[in-house]
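# Residue-level structure breakdown
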Amino acid sequence: MADSRVFSDSVRSSQRSGAGTIKRIRLENFMCHSLLQIDLCEWVNFITGQNGSGKSAILTALCVVFGCRAKDTQRASKLKDFIKTGSSYALVHVEIKNQGEDAFKPETYGDVIILERRISESTSFTILKDHQGKKVASRKEDLRELVEHFNIDVENPCVIMSQDKSREFLHSGNDKDKFKFFFKATLLQQVNDLLVSIHEELDSASAIVDELENSIRPVEKKLIELQEKIRNMEQVEEMSLEVQQLRKKLAWSWVYDVDKQMQGQSMTVEKLKDRIPACQAKIDSIMNEIEKLKDRFSKKKAQVACLLERTSEVRRRKDELLQFSSMAKKQKFELKEEHKRLLKYIQKLEDGKRMREQEVHDIEEQHVRNTQAEESKIEEKLKDLGHAIDAAELTLSRLMEEEATLSEYVSMGSSELEAINHEINDREKRFNEIVSQIRELRGSQINRVTAFGGERVRSLLQVIENRQRSFTRPPIGPIGAHVTLVNGDTWAPAVEQALGNLLNAFVVTNHKDVLTLRKCAKDINYHNLQIAIYDFSKPRLNLPHHMLPQTQHPTTFKVLYSDNPTVLNVLVDLGHAERQVLVKDYDTGKAVAFEQRIPNLKEVYTLDGYKMFRRGSVQTILPPNKKSRIGRLSGSFDHHIQDFEKDASIIKEETQLCRKRKKEIEEKLKDFQSNIHTVKRRRAAADRDLMAKKDERQEVMNSRDAEANLSSTATVDELVEEISKDEEEIQQNKFSLEKLEVRMDEAEAKAKELQISFENLCESAKEDIAAFQNAEKELTDIEEELKSMEMKKEHYEDVMQNKVLHDIKEAEVRYQELQNNRKESCRKASIICPESEIEALGGWDGSNPEQLSARLNRLNQRLQRESQQYSESIDDLRMLYKEKECKILRKQQTYKAFREKLIACQKALELRWNKFKRNETLLRRQLTWQFNSHLGKKGISGHIKISYEERTLSVEVKMPQDASSSTVRDTRGLSGGERSFSTLCFALALHEMTEAPFRAMDEFDVFMDAVSRKISLETLIDFALAQGSQWIFITPHDISMVKQGERVKKQQMAAPRS
């Protein structure tokens, strides 16, 4: 909607055109009205009636017809809700006066504009008609143009203050809502938006000027490059002069270099000549040694020849005895093998003989049984054998069941014994670990460093101290030895669980120190050493409060202290100690880690070793690590040692009980095994007895079925004959065996005799052989030494001939060549320049020709490169530089002028902002004056405070009956009538600062008493008549004190139907 207009005079002329005022309102099926038509005068209109008679519906209809949305009326959420119950449509018909100089398109609409809004269940539309009722327009844009022309803003409480808005306005204690109402009604909002848009335009213009200034920067850069090019050209000229000087120095440097070489060569010749006497003396000394060695060699050779003659016979005899002894042992072995073979053969013959004799005996017995036994006896025997077999099977089954039961008992006992053994092993292992921890803690009492790695740490620190110079900065560690707990040992288990192996780590300043420390650790077999790299020069980190976990529980970093800032920085950067929270028990840890949602929290550790953390939606709880050592950070280890000793004593007692149980189970198991062995033997005996009875029964059955007439006589004779042959052969083999044994005894005696002879010979020849071996070794050593001296002699003779004398000859030839070279170089250098010119340039600085030549080549290459790069002359470049400088200067001046104008605009804008602020102040004063003026009619004084920074507006009222003269800063502290009257005064003060063709107020006196209502009505009528707009007042109260006249019209609404 359009904004209201501000005008300076509070009293307008009574003569006006009345354009935009409402002549007639007709409602059809709208809210509670089936048909309602009201004619309004151009000045003051009062509409009264009982509650429920539909007074407020008139203002609601005005809001709807001028385009207000349903929810903005605060009477319905949708337009179709305004349709009267039982009807299908609703119509709002408004006739607007359109006369005078402010008329809206009078040639189209005439002197009256008819505005209709029709509402149905599915749609709604607005139609603009002329004075004859003909349709002119139906678009929203046409309606917006109309309301903007007449400056009708139905959403502004200064134009239409509905019943809901009246109550909200009278009861509102929100200072920001009052400020928005004031800011929009006084056009300050529109001016503010305009100034903001101008500021944005100036920012855009500033960006364009910045772009123009940036566009000339490449040209400025090229100008700087051109200046640099001119400077380089000047350097090229300097290089050309330097090249000429270097050429002269190079020419004479050859002469000076030859002089230096000649001097060195002369010294070399003298040194080489001094080597001749020393080399000759060395050769003579070696010759004397060779003569002595040759004499010793001849004497030792004669001694070896003599000893060789003496030991050669012994060696021959020794070889013979070894050969005879070997043959005797071989013969003895062969005889033993033959003896074994004969024994086996004799045994085989005897076994065959016994078998044949048994066969003869069996045949004879079988024959006797067949001839004497009767059939009835055989049958009876078979029957008895059947009963015996059944009894044996029953006994065997019982024994097998007993064996299975005992085996099950043995298996259970073995399992129980194995479990006890595992339990004993676990307890012994735990006992050994506790003993080891006690030993380590006692060692830590002596030296606290050993708590963080054992004795290896002490060795490593000793090695680091010895190799301190190998490190850039001495390593810091272990970290645990550099930190202490702040408030006793309460949090020691949780802190050690949180930091873990980081307490054993060392800190170095670079990678080189890491390698050096690794080598030191490897030397003492300290593997898997944890090393951290950190800058030692960094100060202690300052941790902002907002980056720490916001909880009353301590963090690992808070309970630790160290005088070394690097250690604390490592705990933060690598260990995240500042984000690890410590709690006392498991339940508290779960609440902190998962329920409280604490920011910057990484992990939670409990005193009993639990670790808790959240990663996204995943919650993790890790149990205590039983292998981890605790108590390393404690100030005193005595109570830990006592606890461990108690644990060790308990484990030891439990182990003894387990051993006692083991012993009992072993005894029971032994009894079970003894019983099972007995049962197994009995079962085996029963099994054999059963098999024997079955065999016996089968044998009886076989013998019964044998043929009665079987003749075994021939078989017995053959067996007897074979037995006699076997006996003869056995006797012959036994005789051969006796002879073989005699031969074996002889062979063994002969072998022993040869062995004794060999040993005696070795013992007698032992001294001679040892003397021969020693002499032979000494001869070999002398021979080796003689060869070495011969080689040495040849070496020094070769050195004398090929090195010393040859080098002297070459040095003399080289010296002569240098003399010739100097003469030639001096001649060439004199052609280039005289030597005096070199002395004028500072003389020879000691540079050799190669250095000067390399320097000259570099200068020549650079000179050539620079010359090719800058083809223009230096004068042309200087002229070009001046031209470009003039052009760029003009652009710089132009853009500078743009910038100055832009700054002037910004200053003008700033000036307007200041004026705007000043107008804000003036309007604030004007509002207060007018507000106070209206309050004064009732003897009340007040003040309005407006804060443009906080965008708030507050009303202060001082009542005349208040003896304390205190000011009421909140209108809700007044009575209903007083609050309504003060709010009415505030609204009238704003009305004086705004303009609209008509204004409407509903239930403006709802909370007023009779005196306040009378004063308010008089005030409103006087203000309305003086202000000049059309006014519509709606109230349910009695207005009989208001007199109807030409400019005041009163209308009574019909009573609502019961």
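Reference entry: report on the structure contained in this document. Worth saying up front: this structure is predicted, and the values here are computed from it rather than measured.

### Structural notes on the side chain of Thr655
By the element assignment, Thr655 lies in helix α14 (residues 638-705). Those residues within four positions of Thr655 in sequence are excluded, and the remaining contacts are Ile424, Arg427 and Glu428.

### Re unusual backbone geometry
For residues other than glycine, phi is negative in most cases, and the peptide bonds are mostly trans. Gly477 connects to Pro478 through a cis peptide bond whose omega is -10°. Position of Pro478 among the secondary structure elements: in the loop between α9 (455-466) and β9 (484-485). Although it is not a glycine, Asn525 adopts a positive phi angle of roughly 60°. With respect to the secondary-structure elements, Asn525 resides in the loop between α11 (511-523) and β11 (531-533). Positive phi, normally seen in glycine, also occurs at Arg951, with a value near 55°. Looking at the element boundaries, Arg951 is found in the loop between β17 (941-947) and β18 (952-958).

### Structural notes on the pattern of salt bridges
The full count for this structure, using the stated rule, is 18 salt bridges. Glu42 is the partner of Lys97 in a salt bridge, and the nearest nitrogen-oxygen pair spans 2.2 Å. Of the two residues, Lys97 is situated in strand β4 (residues 89-97) and Glu42 in the loop between β2 (33-39) and β3 (44-48); the sequence distance between them amounts to 55 residues. In this structure Lys97 comes out as buried when scored by relative accessible area, which is 10%. Residues Arg659 and Glu428 are paired through a salt bridge, measuring 2.1 Å at the closest nitrogen-oxygen approach. Separated by 231 residues along the polypeptide, Arg659 in helix α14 and Glu428 in helix α8 (residues 375-446) bring together distant segments of the chain. Judged by its relative accessible area of 28%, Glu428 is partly exposed. What emerges from the salt-bridge pattern is a single network uniting Lys602, Glu603, Lys611 and Arg615.

### Overview of the pairing of β18
In terms of residue burial, β18 counts as a mostly covered element, since six of its seven residues are buried. Pairing analysis gives seven bridges linking β17 to β18, with the strands arranged antiparallel. Residue pairing for β18: Ser941 is matched across the bridge by Lys958. Joining the antiparallel neighbours β17 and β18 is a turn of four residues, in which Arg951 adopts a positive phi near 55°.

### Structural notes on a positive patch on the surface
On the surface, a cluster of positive charge is contributed by Lys222, Lys884, Lys887, Arg890 and Lys891. Structurally, the position occupied by Lys887 is in helix α18 (residues 874-935). Residue classification places Lys887 among the exposed residues on the basis of a relative accessible area of 53%.

### With respect to the state of the cysteines
Inspection of every chain in the model, using the stated rule, returns zero disulfides. The thiol of Cys63 is not disulfide-bonded; the next cysteine sulfur, from Cys68, is found 5.2 Å away.

### Quick notes on helix α1 (residues 55-65)
Of all the eleven residues making up α1, eleven are buried; the element is thus mostly covered by neighbouring parts of the structure. Those residues of α1 that sit buried are Lys55, Ser56, Ala57, Ile58, Leu59, Thr60, Ala61, Leu62, Cys63, Val64 and Val65. Phi turns positive one or two residues past the end of α1, at Gly67, with a value near 100°.

### Details of the packing of α9 against α11
At a closest axis distance of 9 Å, the pairing of α9 and α11 adopts a crossing angle of 130°. Considered as vectors, α9 and α11 are oriented oblique to each other. The way α9 lies across α11 gives a crossing that is right-handed. Every residue of α11 that contacts α9 at Leu460, Val463 and Ile464 is listed here: Leu517, Cys520 and Ala521.

Conventions adopted
Residues numbered from 1 in each chain as written. Predicted model: local features only at pLDDT ≥ 70, side-chain atom pairs only at ≥ 80, totals over all residues. Heavy atoms only, no water. Helix = DSSP H or I, 4+ residues; strand = E, 2+ residues; numbered from the N terminus. Contact = heavy atoms within 4.5 Å. Salt bridge = Lys/Arg side-chain N within 4 Å of Asp/Glu carboxyl O. Buried < 20%, exposed > 50% of the residue type's maximum accessible area, 1.4 Å probe, protein only. Pairing = 2+ DSSP bridges. Patch = residues over 30% accessible without salt bridge, like charges linked within 9 Å, V, L, I, M, F, W, Y side chains within 5 Å. Areas by Shrake-Rupley, 256 points an atom, 1.4 Å probe, with all protein chains shown as cover. Lys, Arg positive; Asp, Glu negative; His and termini not counted. Charge placed at Lys NZ, Arg CZ, Asp CG, Glu CD. Disulfide = S-S within 2.5 Å. Axes fitted to C-alpha atoms, helices over the stretch in contact; angles between N-to-C directions. Parallel < 35°, antiparallel > 145°, perpendicular 65-115°, else oblique. Left-handed = near helix turned anticlockwise from the far one by under 90°.

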